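Here are the chains, one letter per residue:
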Amino acid sequence: MTGQVLYAQLLYGGSGIVLVLLGLWSFLVHAPLLRKLIAINVMGAGVFHILVAIAYRGIDTAPDPVPHALVLTGIVVAVSATALALAFGKRLDQ
Amino acid sequence: MIRPLEHILIPVGLIAVGGLLGWSFFLAVTGEAGERLAAVALAHVPDSGVSNPVTSVLLNFRAYDTLLELAVLLAALLGIWSLGTAGSGFQPAASVLDGMVAGFVPLLILSAGYMLWVGAYAPGGAFQAGALLGAAGVMLALAGHRNAGLPSEGRLRLLVALGVFVFAMTGLLLMVVGDGFLTYPRGLAKWLILIIETAATLSIGATLAAAYLGGRPAAHPKSGEAT
């Protein structure tokens, strides 16, 4: 594995870890439910970053398809969970 | 004023968690990887009926995952519907927005069809196509169409269940006549995947648009429709 690929992986995966931490911090610190929901979504985006970074194997090589499929699955689950949580939040406000 | 929990304990804990995550990520990408699934998956792509590795993982090697994922979408929508009926929606759009929507929605549907077809050999597939259809629904809802272009409730129920139904029935049929649950025979794999993806696309699009409405469709969809 060349140094450039490793550099890209660490940069992208590292930003993913930073996103996870930011989301986790916001989730713990802020009380409003909507902010917590956004924080969870930011965390999820960080996890997807990390998975995509793990799948990367250089610009000329096909990426590892398994983490990519996991990310696609994860996005759909995150969207449906967010929609359900928003509906719950709306009912709570009524 | 410094609150010890919020300003000291949580940041320190998060930095520790971040250090641990970063360290394990570093080890994961630099260390001796051992046998990765990528090699196995890429070696079997020619047998899977499609040439896009991601689609073959999603619809063939890990088809269970995708089936359950469609079930998650359906369950989320049922949860939203059980919380009550949708609101009254937005007011009908003025002519500029209405004209833009009238132009964009057919384009989105066309791109969804393209995405669905191209998923066999390039990035794309049922989820991307379904997301485009869902976006078309959201656009219609924002422009004041009260039901986001979705059919009446009876037909909508059939539509959102279609993906899981076709997927599960294909699996069960293959279990009875073939090699096992969702183990496609080699010659038919491409067509079975295409059938499942088409049903899944329609379902995903309808589910996303219906979830955006935020409740069960209103009993009288015609009232407030911006036609």
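Residues numbered from 1 in each chain as written. Chains lettered and ligands numbered in written order. Predicted model: local features only at pLDDT ≥ 70, side-chain atom pairs only at ≥ 80, totals over all residues. Heavy atoms only, no water.

Attention shifts here to the overall build of chain A. In terms of regular secondary structure, chain A is built from three helices and zero strands. Along the chain direction, N to C, the helices and strands of chain A fall in the order α-α-α. What you see for chain A is a C-alpha radius of gyration of 16 Å, clearly larger than the 12 Å of a compact globule of 94 residues, by over 25%. Projected onto the principal axes, the alpha-carbon positions of chain A cover approximately 55 × 25 × 10 Å. Sorting the 94 residues of chain A into buried and exposed places 33% on the buried side. (Helix = DSSP H or I, 4+ residues; strand = E, 2+ residues; numbered from the N terminus. Rg over C-alpha atoms; globule rule 2.2 N^0.38 Å. Buried < 20%, exposed > 50% of the residue type's maximum accessible area, 1.4 Å probe, protein only.)

This brings us to helix H3 (residues 53-61) of chain B. Most of H3 of chain B is tucked away, with eight of its nine residues classed as buried. Among all positions in H3 of chain B, only Pro 53, Val 54, Thr 55, Ser 56, Val 57, Leu 58, Leu 59 and Asn 60 of chain B are buried. Tucked inside the fold, the buried residues of H3 of chain B contact helix H3 (65-93) of chain A together with helix H2 (37-44), helix H4 (63-82), helix H6 (126-142), helix H7 (153-177) and helix H8 (189-213) of chain B. (Contact = heavy atoms within 4.5 Å.)

In terms of nonpolar packing, the biggest core is built from 46 residues, with Phe 167 and Tyr 184 of chain B touching the most fellow members. For Tyr 184 of chain B, the residues in contact, after removing those within four places along its chain, are Leu 59, Asn 60, Ala 63, Phe 167, Leu 174, Ala 189, Leu 192, Ile 193 and Ile 196 of chain B. (Core = buried A, V, L, I, M, F, W, Y, C linked by side-chain atoms within 4.5 Å.)

Another point: the side chain of His 30 of chain A. Residue and element names in this part refer to chain A. Tracing the backbone through its elements, the reader meets His 30 in the loop between helix H1 (3-29) and helix H2 (33-55). Take His 30: its relative accessible area is 15%, and that puts it in the buried class. At 3.0 Å, the side chain of His 30 and the side chain of Ser 26 are in polar contact. Ignoring sequence-local partners within four residues, the contact set of His 30 consists of Trp 25, Arg 35 and Lys 36. (Polar contact = N/O pair within 3.5 Å; in protein donor to acceptor, adjacent residues only side chain to side chain.)

Before going further, it helps to examine empty space enclosed by the protein. By the definition in use, this model includes two cavities of 30 Å³ or more. Looking at the largest cavity, its volume works out to about 60 Å³. Taken together, Val 50, Trp 117, Ala 120, Lys 190, Ile 193, Leu 194 and Glu 197 of chain B form the lining of the largest cavity. The residue makeup of the lining of the largest cavity, split by class, is five nonpolar, no polar and two charged. In this structure, the second largest cavity encloses a volume near 40 Å³. As for the second largest cavity, its lining consists of Leu 72 of chain A together with Thr 55, Leu 58, Leu 59, Gly 124, Gly 125, Ala 126, Phe 127, Gln 128 and Glu 197 of chain B. Within the lining of the second largest cavity, the residues separate by chemical class into five nonpolar, four polar and one charged. (1 Å grid on protein atoms, 1.4 Å probe; cavity = no way out; pocket = protein on both sides within 12 Å on 5 of 7 lines; lining within 4 Å. Points joined across faces, edges and corners; volume = space filled by probe spheres on them. Nonpolar A, V, L, I, M, F, W, Y, C, P; charged D, E, K, R; others polar.)

A separate point is unusual backbone geometry. Residue and element names in this part refer to chain B. A positive phi is found at Ala 148, a non-glycine position, where the angle reads about 55°. Summarising the element assignment, Ala 148 is placed in the loop between H6 and H7. Of the residues examined, Ala 148 reaches a relative accessible area of 4% and is grouped as buried.

A word on the interface of chain A and chain B. Across the boundary between the two partners, chain A contributes 35 residues, which contact 34 residues of chain B. Carbon and sulfur atoms make up 81% of the surface buried where chain A meets chain B, a total of about 3,100 Å² over both sides. At the boundary of chain A and chain B, one finds zero salt bridges. Looking at the side of chain A that touches chain B, the elements that each hand over two or more residues are H1, H2 and H3 of chain A. Looking at which element gives the most residues to the side of chain A that touches chain B, the answer is H3 of chain A, with 17 residues. Residue composition of the side of chain A that touches chain B, grouped by class: 25 nonpolar, six polar and four charged. (Buried area = accessible area lost by both parts, 1.4 Å probe. Salt bridge = Lys/Arg side-chain N within 4 Å of Asp/Glu carboxyl O.)

Our next topic: H6 of chain B. The end-to-end C-alpha separation of H6 of chain B is 24 Å, in line with the 24 Å expected for 17 residues at 1.5 Å each. Among the residues of H6 of chain B, those classed as buried are Ala 126, Phe 127, Ala 129, Gly 130, Leu 133, Gly 134, Ala 136, Gly 137, Met 139, Leu 140 and Ala 141 of chain B. If you follow the buried residues of H6 of chain B, they end up packed against H3 of chain A together with H3, H4, helix H5 (95-118) and H8 of chain B. Immediately downstream of H6 of chain B, the backbone of Gly 144 of chain B shows phi near 100°, a positive value. (Expected span 1.5 Å × (residues − 1).)

Residue and element names in this part refer to chain B. What the rule picks out here adds up to three salt bridges over all chains. Residue Arg 62 pairs with Asp 65 through a salt bridge whose shortest N-O separation is 3.0 Å. Judged by relative accessible area, Arg 62 falls into the partly exposed class, the value being 30%. Residue Asp 65 is classed as partly exposed on the basis of its relative accessible area of 26%. Notably, a salt bridge pairs Arg 216 with Glu 153, separated by 3.8 Å at the nearest N-O pair. Here Arg 216, found in the segment after H8, pairs with Glu 153, found in helix H7; they are 63 residues apart in sequence, far enough to count as distant. It is possible to trace a salt-bridge network through shared partners that takes in Glu 153, Arg 157 and Arg 216.

Another point: the domain arrangement of chain B. Domain parsing of chain B yields domain 1 (1-34) and domain 2 (46-213). For domain 1 of chain B versus domain 2 of chain B, the distance between C-alpha centres works out to 38 Å. (Domains from an automatic or database assignment.)

Residue and element names in this part refer to chain B. Their axes nearest at 11 Å, the elements H3 and H8 cross at an angle of 90°. One way to sum up the angle between H3 and H8 is to call them roughly perpendicular. Residue-level contacts link Thr 55, Leu 59 and Asn 60 of H3 to Ile 193, Ile 196 and Glu 197 of H8. For the contact of H3 with H8, a count of residues per class yields three nonpolar, two polar and one charged. (Axes fitted to C-alpha atoms, helices over the stretch in contact; angles between N-to-C directions. Parallel < 35°, antiparallel > 145°, perpendicular 65-115°, else oblique.)

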